[in-house]
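Summary of structural features
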Amino acid sequence: MTDLSKAGTFTLGDRSVNRMGYGAMQLAGPGVFGPPKDRPQALAVLREAVASGVNHIDTSDFYGPFVVNQLIREALHPYPDGLTIVTKVGAVRGADASWNPAQSPAELTSAVHDNLRNLGVDVLDVVNLRITGAVHAPSEASIAERFEALAALQGQGLIRHLGLSNVTSAQVAEARGIAPVVCVQNHYNLVHRADDALLNELDEAGIAYVPFFPLGGFSPLQSQALSDAAASLGATPMQVALAWLLQRAPNILLIPGTSSLAHLRENLAAAELALPEDALALLDEIGG
Ligand SMILES: NC(=O)c1ccc[n+]([C@@H]2O[C@H](COP(=O)([O-])OP(=O)(O)OC[C@H]3O[C@@H](n4cnc5c(N)ncnc54)[C@H](OP(=O)(O)O)[C@@H]3O)[C@@H](O)[C@H]2O)c1
């Protein structure tokens, strides 16, 4: 079995997590909507992830909606000590599967209560405020009122730690003026590196950077250099893409998403893959 500790740990507030985690979004039905295609396998993926040492799971009530949090609860409750579940708020799903902003203080409060109920906990470990906007072009608007609403819920003891998603450097600075930020979850991978400066800034500040779409999301990464590096190392392209992220910066936490046990095992094994300097140099050129 893969030794996830080979990839190291990072601290989210008072919670230590392995840098190799798991993103649960793929467990919902097609279009991240409705029940999973294979419910027993969805439950098995969650149980095997945790049995393999994953202690950081990323989720949201947007996924399904509610379906993924309910699967997590069914598969893993009562939760093992040391498991950190990170959820996010800021949107609701329409009956037509649309994603709609829900960012008023009242909507954020209601989302936090929904997450508490669906996950079956009294306190949420980490809640990310997901700012609405295209994943490649976060909005520049002030997030103060929204983050203050979550900070108030943290003050009431409903949330341990706060994070942000789909944000700019200025928005991170604005939020940190209101309450501590333990993680930022933005779009980043081997090919999409618009966040390089923000990632470095957060590394210096001791804040986790959690790339979403680490494997390319709905269009998994493809590149000749990636395939060549994988062939030369006896690994798969997806493992090399994850190992590259682990080596990119020590504050990167991985949450690759999959609904497949085979892919879960393949992805977790990347925790033990060390990329030599020559492979890193070739891979660095992909997103350059
Ligand atoms: N904050 C945000 O706005 C935001 C946005 C998107 C995602 N997220 C979070 O980030 C997590 C990761 O993102 P993601 O799941 O969208 O994208 P991802 O991890 O980049 O890629 C997932 C896709 O790759 C496939 N895949 C996974 N492992 C594979 C492997 N070893 N070989 C081949 N294909 C593989 C999956 O299909 P299979 O199911 O068939 O393996 C799925 O189609 C999500 O689960 C979610 O928790 C957050």
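Residues numbered from 1 in each chain as written. Predicted model: local features only at pLDDT ≥ 70, side-chain atom pairs only at ≥ 80, totals over all residues. Heavy atoms only, no water.

Observations concerning the site of the ligand
- Residues in contact with the ligand amount to 26 residues; listed here are only the nearest, Asp58, Leu215, Thr258, Ser259 and His263.
- Take Met25: an N or O atom from its main chain is 3.2 Å from an oxygen atom of the ligand.
- At a separation of 2.6 Å, an oxygen atom of the ligand approaches a polar side-chain atom of Asp58.
- Taking 890 Å² as the accessible area of the ligand by itself, protein coverage stands at 88%. (Near = heavy atom within 4 Å. Polar contact = N/O pair within 3.5 Å; in protein donor to acceptor, adjacent residues only side chain to side chain. Areas by Shrake-Rupley, 256 points an atom, 1.4 Å probe, with all protein chains shown as cover.)

A word on the packing of helix α8 (residues 237-248) against helix α10 (residues 277-284)
- At a closest axis distance of 11 Å, the pairing of α8 and α10 adopts a crossing angle of 100°. Classed by the angle they form, the pair α8 and α10 counts as roughly perpendicular. Residue-level contacts link Val240, Trp244 and Gln247 of α8 to Leu280, Leu283 and Asp284 of α10.
- Here the residues of the contact of α8 with α10 are counted per class, giving four nonpolar, one polar and one charged. (Axes fitted to C-alpha atoms, helices over the stretch in contact; angles between N-to-C directions. Helix = DSSP H or I, 4+ residues; strand = E, 2+ residues; numbered from the N terminus. Parallel < 35°, antiparallel > 145°, perpendicular 65-115°, else oblique. Contact = heavy atoms within 4.5 Å. Nonpolar A, V, L, I, M, F, W, Y, C, P; charged D, E, K, R; others polar.)

Considerations on the sheet that holds strand β11 (residues 208-209)
- Pairing is parallel across the open sheet formed by seven strands, whose spatial order is β3-β4-β5-β8-β9-β10-β11. Of all the strands in the sheet, just β3 (22-23) and β11 have a single pairing partner and so form its edges.
- When β3 meets strand β4 (residues 56-58), the two strands line up parallel, connected through two bridges. Among the inter-strand pairings, Gly23 is bridged to a residue of β4, identified as Asp58. (Pairing = 2+ DSSP bridges.)

Considering the pairing of strand β9 (residues 159-165)
- Taken across its seven residues, β9 has six buried, putting it largely inside the fold.
- As paired strands, strand β8 (residues 124-130) and β9 are joined by six bridges and run parallel to one another. Pairing of Leu124 across the sheet is with Ile159, part of β9.
- As judged from the three bridges shared by β9 and strand β10 (residues 183-185), these two strands associate in the parallel manner. Paired with Ser165 across the two strands is Gln185, which belongs to β10.
- Between β9 and its parallel partner β10, the chain crosses via helix α5 (residues 169-176), and the hand of that crossover is right-handed. (Buried < 20%, exposed > 50% of the residue type's maximum accessible area, 1.4 Å probe, protein only. Right-handed = clockwise from strand over helix to strand, strands pointing away.)

Some details on α10
- By the burial criterion, the buried members of α10 are Ala279, Leu280 and Leu283. Buried residues of α10, seen end-on, are gathered within an arc of 100° and therefore sit on one face of the element. Along α10, the residues that are exposed and aim more than 90 degrees away from the buried face are Glu277, Asp278 and Leu282.
- Buried residues along α10 sit in contact with α7 (224-233) and α8. (Arc of directions from axis to C-beta.)

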